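Residue-level listing of the chains:
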Amino acid sequence: MRFTRLRFVVFILAMWLALAAGVGCQESTQESHERVEVADQEGLWSCGMHSHVVEHGPGPCPICGMDMTRVRSSPAKQNAEGERRIKYWVAPMDPTYISDEPGKSPMGMDLVPVYEEGQAVGAPGTVQIDPVVIQNMGVRTERSLRQPLFRHVRTLGEVVVSEDRVSVVNLRFSGWVERILADKTGEPVTEGDPLFAIYSPDLVAAQEEYLLALRMQGAKSELARSARRKLELFDLDSKDVAALARTGRVERAMLIRAPRSGHILEKNVVAGARVSAGEDLYTIADHSQIWVQAEVYEFDAPWVEVGQPAHMELAYERGRSVAGSVAYVYPTLNDVSRTLTVRLEFKNPDLRLKPGMFATVYIQFRREDDALVVPTEAILHSGKRELVFVAVGGGRFEPREITTGLVGDRHMAQVLSGLVEGEVVVTSGQFLIDSESQLQEAIDKMLARRAGEVPSVPS
């Protein structure tokens, strides 16, 4: 019983509050009309969301914080003077509710007039915005230009030694190392420089056979040519063999020379060591040209081909790039990382590129030398079409359907149709402009249907 009485009391209180609110709203509306009439005479400022707030100067609304706008003279007065004509009336909280005459909205608010001169002139969907509103919205624009447009695949790579510029030094006979002439890993050597001297009984015997053939039958005899061939098969340098023939003296320790210019990557020999035939003693690499092994994601793999230009930036030298090209695309995909390995070649005359370094690699797979471009942020994608808003002057913005091509680096996109060079497009704030444009199109359609006309605005 007590609970029922409590519910009844709560109901009576709620009804009383609702009635008080309705009376207050009516009084607020009447007060708003009275203050607006005063504002018409004095040129005051009012809030768009709280019309009963009227001030003598610009500033934020004390209720919602929005910037107040100047109160214009009453529609009745303007129509009497012939300054502006009212096109229709709209609900302030529901712009889709329009009427041909003044009245109340379904929410009980006074309808707001929309004047013909306030409508933008131009293509369907064109909107006109006050300069102050444009500044408050943070609208930015940029001019369409013709310029070269690039598209690169960006990835990470590692500098490695060129496999085709690596030589290994080993012997075709056994012996003992007597002197080391290139004794440090990383030391630069030139082709033909002596690396070490070795004593080998097999090599001494081959020298004696060659000298004996020269003394007995001469240099052009078959026996001399056969003995010389044996020394060459031991991989002795040709100038050492020529010196042997010239001096006629057997060398106890023969010099082993560098097969190419470069740097010693590995050294596996010391003085006095016995070495066997086939044992790798030195590894020498030429760093004047290096490779970069880069990993390209699977969805970028179809765009990478041999011969494409590329450049890279080193982690320790930002802003400075080195030009090269794609030398090889490996035929298999890494099934764990889902990446494809690509080999790039770069010139390295000053030896700035060191094996083991990491680099940012850019592979150019498309280029348009004369493209009409706009920033990608200016393009609105609706799923079926692509739009930009073109600033046509006087605070008017026209929606323009475009066709795009290559999306390049630095957030630039190619425009194939819909724009001409030099037109100014909106790059920031276009979403708010688009909302107003769609609303204007919808209102124009409703007005056209109401008048029995066929709407000319595209759907």
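The structure we're discussing is the one just above.
Residues numbered from 1 in each chain as written. Predicted model: local features only at pLDDT ≥ 70, side-chain atom pairs only at ≥ 80, totals over all residues. Heavy atoms only, no water.

(A) Representation of the overall build of the protein. Of regular secondary structure, the protein possesses 7 helices and 27 strands. Per-residue burial for the protein yields a buried fraction of 37% across its 459 residues. Relative to all contacts within the protein whose residues are 6 or more apart in sequence, the contacts with residues 24 or more apart total 66%. Accessible surface computed for the protein: about 27000 Å², of which carbon and sulfur atoms make up 53%. (Helix = DSSP H or I, 4+ residues; strand = E, 2+ residues; numbered from the N terminus. Buried < 20%, exposed > 50% of the residue type's maximum accessible area, 1.4 Å probe, protein only. Contact = heavy atoms within 4.5 Å. Areas by Shrake-Rupley, 256 points an atom, 1.4 Å probe, with all protein chains shown as cover.)

(B) Local environment of helix 6 (residues 238-247). Among the residues making up helix 6, those that are buried are Asp240, Val241 and Leu244. When helix 6 is viewed along its axis, its buried side chains cluster within an angular range of 100° and face the same direction. Considering only its buried residues, helix 6 is in contact with helix 4 (201-217), helix 5 (222-233) and strand 14 (253-257). Capping of helix 6 at its N-terminal end is provided by Asp237; its side-chain oxygen lies 3.0 Å from the backbone amide nitrogen of Lys239. Note on helix 6: the residue one or two positions beyond its end, Gly248, has a positive phi of about 70°. (Arc of directions from axis to C-beta. Polar contact = N/O pair within 3.5 Å; in protein donor to acceptor, adjacent residues only side chain to side chain.)

(C) Molecular detail of the sheet that holds strand 17 (residues 280-285). Spatial strand order, 10-17-15-12: 4 strands in an open sheet with antiparallel pairing. Looking at which strands have only one partner, the edges of the open sheet turn out to be strand 10 (166-170) and strand 12 (188-189). (Pairing = 2+ DSSP bridges.)

(D) Quick peek at the packing of aromatic side chains. All chains considered together, the criterion is met by 6 aromatic pairs. Note on Phe196 and Tyr282: the rings are 5.9 Å apart at their centroids and 5° apart in plane angle, and the pair reads as stacked. On the criterion of sequence distance, the pair formed by Phe196 in strand 13 (residues 194-199) and Tyr282 in strand 17 is long-range, its members being 86 residues apart. Judged by its relative accessible area of 0%, Phe196 is buried. For Tyr282, a relative accessible area of 1% gives the class buried. With 5.0 Å between their ring centres and 80° between their planes, Tyr328 and Tyr330 make a pair best called edge-to-face. Over the ring of Tyr199 we find Arg252, and its NZ or CZ is 4.5 Å from the ring centre. (Phe/Tyr/Trp six-rings, centres within 6.5 Å; stacked < 30°, edge-to-face > 60°. Lys NZ or Arg CZ within 6 Å of the ring centre and 35° of its normal.)

(E) Main features of the pairing of strand 27 (residues 424-428). When you tally the buried positions in strand 27, you get 5 out of 5 residues, the bulk of the element. Sheet topology note: the strand 8 (residues 140-143)/strand 27 ladder contains 4 bridges and is antiparallel. In the sheet register, Glu142 faces strand 27, and the bridge partner there is Val425.

(F) How the structure looks around the packing of helix 4 against helix 6. With their axes 10 Å apart at the nearest point, helix 4 and helix 6 run at an angle of 50° to one another. Between helix 4 and helix 6, the interaxial angle falls into the category oblique. Here helix 4 and helix 6 pass one another in a crossing that is right-handed. Contacts from Gln207, Tyr210, Leu211 and Leu214 of helix 4 reach helix 6 at Val241, Leu244 and Ala245. Of the residues in the contact of helix 4 with helix 6, the class split is 6 nonpolar, 1 polar and no charged. (Axes fitted to C-alpha atoms, helices over the stretch in contact; angles between N-to-C directions. Parallel < 35°, antiparallel > 145°, perpendicular 65-115°, else oblique. Left-handed = near helix turned anticlockwise from the far one by under 90°. Nonpolar A, V, L, I, M, F, W, Y, C, P; charged D, E, K, R; others polar.)

(G) How the structure looks around the pairing of strand 18 (residues 289-297). Relative to strand 18, strand 9 (residues 145-160) runs antiparallel, the two being bridged by 4 bridges. Residue pairing in the sheet places Gly157 in a bridge with Ala294 of strand 18. With 9 bridges connecting them, strand 18 and strand 21 (residues 339-347) associate as antiparallel partners. In the sheet register, Val292 faces strand 21, and the bridge partner there is Leu344.

(H) Spatial organisation of the nonpolar core. Leu171, Leu195, Phe196, Leu231 and Tyr282 are the most contacted members of the largest nonpolar core, which totals 32 residues. Listed by contribution, the elements that provide at least two residues to this core are strand 11 (175-180), strand 13, helix 4, helix 5, helix 6, strand 14 and strand 17. Not counting residues up to four positions away in its chain, the partners in contact with Leu171 are Phe196, Ile198, Ile256, Val275, Ala277, Gly278, Glu279 and Leu281. Membership of the second largest hydrophobic core comes to 20 residues, among which are Leu314, Val326, Val342 and Ala359. (Core = buried A, V, L, I, M, F, W, Y, C linked by side-chain atoms within 4.5 Å.)

(I) Geometry of the sheet that holds strand 13. Ordered in space as 14-13-11-16, the 4 strands form an open sheet in which the pairing is antiparallel. The sheet is open, and its two edges are formed by strand 14 and strand 16 (274-275), each paired on a single side.

(J) Quick look at the pattern of salt bridges. What the rule picks out here adds up to 15 salt bridges. The partner of Glu251 in a salt bridge is Arg249, and the shortest N-O contact between them spans 3.7 Å. Three or more residues are tied together by salt bridges with common partners; here these are Arg146, Asp370 and Glu421. (Salt bridge = Lys/Arg side-chain N within 4 Å of Asp/Glu carboxyl O.)

(K) Summary view of the environment of Glu305. Structurally, the position occupied by Glu305 is in the loop between strand 18 and strand 19 (309-314). Placed 59 residues apart in sequence, Glu305 and Gln364 show a C-alpha to C-alpha distance of 9.8 Å. Not counting residues up to four positions away in its chain, the partners in contact with Glu305 are Val326 and Val329.

(L) Structural detail: helix 5. Taking 1.5 Å per residue as the helical rise, helix 5 with its 12 residues ought to reach 16 Å, and the 16 Å between its terminal C-alpha atoms agrees with that figure. Tucked inside the fold, the buried residues of helix 5 contact helix 4 and helix 6. One or two steps after helix 5, the chain reaches Asp235, where phi turns positive at roughly 70°. (Expected span 1.5 Å × (residues − 1).)

(M) Molecular detail of the side chain of Gln364. Within the secondary structure, Gln364 is located in strand 22 (residues 358-375). In this structure Gln364 comes out as buried when scored by relative accessible area, which is 17%. Not counting residues up to four positions away in its chain, the partners in contact with Gln364 are Phe150, Arg151, His152, Gln308 and Pro309.

(N) Region of interest: the environment of Arg343. You can see Arg343 is positioned in strand 21. For Arg343 and Ala294, which are 49 residues apart along the polypeptide, the C-alpha to C-alpha distance reads 6.4 Å. Arg343 has contacts with Trp291, Val292, Gln293, Ser325, Val326, Ala327, Tyr328 and Tyr330, leaving out every residue within four places of it along the chain.

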